[in-house]
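Structure at a glance
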Amino acid sequence: MATQVLTQRPQEPGFAHQNEHVTQYKFEKEPQEKHQKGWANFELKDVLIPPSAGLGTTKRYYQRRTMFQYSILFTLGLWCFQNLQSTALRAVALGMLFPGAGLVAVCTIPSLFAFVVTLIGIPVTLFVWFAMGGVLFPLLLWFGSAGLAGILAKDTLFDKAGPAWGVACVFMVTWAIWKSSQINARGRSIQLHRNKWLPNEVKALQDNAVPAPAAGSRELDLKTLRFLQHMIERGLTKHDDLSYHDVIDQFQTGAVRYQLYGVVDSISLYLTHYAPGFHGYAAEACRNCIEKSLTKKIMSYWKWERLTGKFTTDYDPINYDNIMVTGYLGVAIGLYASATGDRRYEEKGCLDFHIADGIHFKRSFGDLADAMYQNMATNDYCLYPCEPNWTYSLCNLIGMAGLIISSRLLGNDYADRIKPRFERALEDEMTEPDGRILPIRSELTGLTIPGLSGTLSDCINAMNLTAYLPHIGSRVWAIIRREHIYYNGKGRLDVKDLRGADKMDPGNYKGGVGALRAFIAGCAAEFGDEKVRVDALEELDTEYFPVEATESGALRNKGLSATSQVVALMARLMRHQDLANATLHGPEPAAMQGPLLADCKFPEVLVAKAYSHDSAGLDLVLYNGKQAGTFTLGFERLTPGGKYSLSTGKNLTADKSGKASVDITIDGRTELLLSPA
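Summarised in this report is the structure supplied together with it. Treat the numbers as computed from the prediction; the structure is a model and nothing was measured.

The rules we used
Residues numbered from 1 in each chain as written. Predicted model: local features only at pLDDT ≥ 70, side-chain atom pairs only at ≥ 80, totals over all residues. Heavy atoms only, no water. Pairing = 2+ DSSP bridges. Helix = DSSP H or I, 4+ residues; strand = E, 2+ residues; numbered from the N terminus. Axes fitted to C-alpha atoms, helices over the stretch in contact; angles between N-to-C directions. Contact = heavy atoms within 4.5 Å. Phe/Tyr/Trp six-rings, centres within 6.5 Å; stacked < 30°, edge-to-face > 60°. Buried < 20%, exposed > 50% of the residue type's maximum accessible area, 1.4 Å probe, protein only. Lys NZ or Arg CZ within 6 Å of the ring centre and 35° of its normal.

Let's talk about the sheet that holds strand 12 (residues 618–624)
Spatially, the 5 strands line up as an open sheet ordered 11-12-17-14-15, and their pairing is antiparallel. One side of each edge strand has no neighbouring strand; the edge strands of this open sheet are strand 11 (605–611) and strand 15 (651–653). Within this sheet the neighbouring strands show an average axis-to-axis angle of 25 degrees, counted without direction. Here 5 bridges tie strand 12 to strand 17 (residues 670–676), and the two strands are oriented antiparallel to one another. For Leu 618, the partnering residue across the bridge sits in strand 17 and is Leu 674. Sitting on the sheet, helix 7 (residues 222–236) is in contact with strand 11 and strand 12, with an inclination near 110 degrees to strand 11.

Next comes the structure, spelled out in structure tokens:
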């Protein structure tokens, strides 16, 4: 097969600055007197569920279009069954009403057996359509069973099958419409009830939120550092090594790509809030995961999704749909670049997506932002699909966070330009009348899958909304906190009114409510609810997934999926508004200009803190990861030729490139202060 390498998309409307991003191995901000913090202020009335929630005109258009298309199919099929002479054509026509309907009209033992097989195939093909966007499979089942009915047809048919199927189909459609109207009516009633208490509840949660520690005062305790060690170990594995991952499928929430993006996100949060003065193996782990996520083993799924969902061999992974890559990868690269100042992923063609043998697409961080904006600006729903034809709200929330970071780092205005349309679409098209955000909607039909929204999805939605729509995020968290999280008579945290998706670990599809604690803890951390954060993690560690130590001394929760391990680590690292601050602002500019601990051996040296308060010195807290001993620390970003002293009494002099190294004895918690002599 000929190698297909695309390095630049054709110019399209709205892409005036496409591929003009300047590579900057520098920091995007100069030191400022005061660093902006926190999410945007909002009025309490903004948290009210709008009357338009769930009444979007776009979804209604596609739903009505779907009904119109089916009505034509139904009418034509029934008319042909009643009026045509050929039994084969009549059987095929009846099959247009419902998968396998024509087989019933044939009414022979082989046709009835085929009908049973078709019925079994309906949930199977619908699941495949949902799981990988393969609309081909339900279409093949439907029209294939109709064609088979024509092949099996004899000289006569069971004539009563036509009217019977007509009545049955009308009944099923009528029932679905009635059920939907009942759900919407109940949702509007809940909306009115919730709007009575939402402003006061949000105000109380804001007043009781525990502020995050001051910048530069944070330090990881040894237990959390050991959890971080496990994540860094995962990040440093070779590209063909998936031993730290759950390898189940590459299509849904258990896909390895999410586990890789999560490593970058969690380590970047650590670098942002605890160790902006450290790169070394932590930054290397981030880069390795970013580049590992581009490999054929991870990205080959997109070939099959494009083939079976869009019937095309255009496998470009970012131009159309696939926000489950552009959004997540955009956030991962943005958080990493913001935390480290490393702008290498802005270089043209630096991201080499390997889809199949001989098929590569070379892109950049800027291209990801361009693609997200263009898709959101042109899609009827604004929010656009992950798998072909299926739009997931969470992936789009992640994508918006990626646009925000890209605007800060690259200087585009995508986030501001798309925000009003995005907010309106999220509220009207992807929110239920009761204020809960729908996880999924079919782009083709406008329909959704009932029962998927729940506390788990609400938690991850709420924490990812804080950077740009904090009033909606606060609304969702207030509903979770008031209606679902409670303390029983024994003072134990518990969760009520769970739905199906709440009772499964999304990273490995195993049943149980334990993984939900990780997501509750992460959301509570972002909203400053320290009691819930601590208690949820305690239950996770002691009741559901006991903490175990690996041979290297790292800690992990036994049995918890690799994806949920990421969320749990983020909950351990984060405090009030940390995710929003990392997205909106990044580390303190002064901390990004000071000396850098650039190199130390892993896992022999674990870094609990690396922070420059004044851009001149560096405050370090280190632990020995194995045995106590003497280890070499490599420093960069020093004043060329400058002399520095350590709090241990040692002195060092930077070379002309601003680098120096020193041997330090580490035995347990070791605090060091590097200062200009």
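Considerations on the packing of aromatic side chains
Applying the stated criterion across every chain yields a total of 22 aromatic pairs. Each ring, one from Phe 98 and one from Trp 165, has its centre 5.4 Å from the other, and the planes form 20 degrees; the classification is stacked. Of this pair, Phe 98 sits in the loop between helix 2 (87–94) and helix 3 (101–106) while Trp 165 sits in helix 6 (residues 161–208), and the two are 67 residues apart along the sequence. Here Trp 165 falls in the buried class, since its relative accessible area comes to 12%. Between Phe 251 and Tyr 301, the ring centres sit 6.3 Å apart and the planes meet at 90 degrees, which makes this aromatic pair edge-to-face. Within this pair, whereas Phe 251 is found in the loop between helix 7 and helix 8 (256–273), its partner Tyr 301 is found in helix 11 (residues 301–310), the two being separated by 50 residues in sequence. Exposure remark for Tyr 301: the relative accessible area of 2% places this residue in the buried category. An aromatic cluster of at least three residues, connected via ring pairs, comprises Tyr 70, Phe 74, Trp 142 and Phe 143. The cationic tip of Arg 482 hangs over the ring face of Trp 197; the distance from NZ or CZ to the ring centre is 4.4 Å. The ring of Phe 227 has Arg 572 lying over it, and the distance from NZ or CZ to the ring centre is 3.7 Å.

Notes on the pairing of strand 3 (residues 359–363)
In the case of a regular strand, side chains alternate between the two sheet surfaces. For strand 3, a buried count of 4 out of 5 residues is recorded, marking the element as mostly surrounded by other parts of the structure. In this structure, strand 2 (residues 351–356) lies alongside strand 3, joined through 5 bridges in antiparallel fashion. Looking at strand 3, one finds that Leu 351 is bridged to Arg 363. Joining the antiparallel neighbours strand 2 and strand 3 is a turn of 2 residues, in which Gly 358 adopts a positive phi near 80 degrees.

So far we have only geometry, and geometry alone does not tell us how the molecule works.
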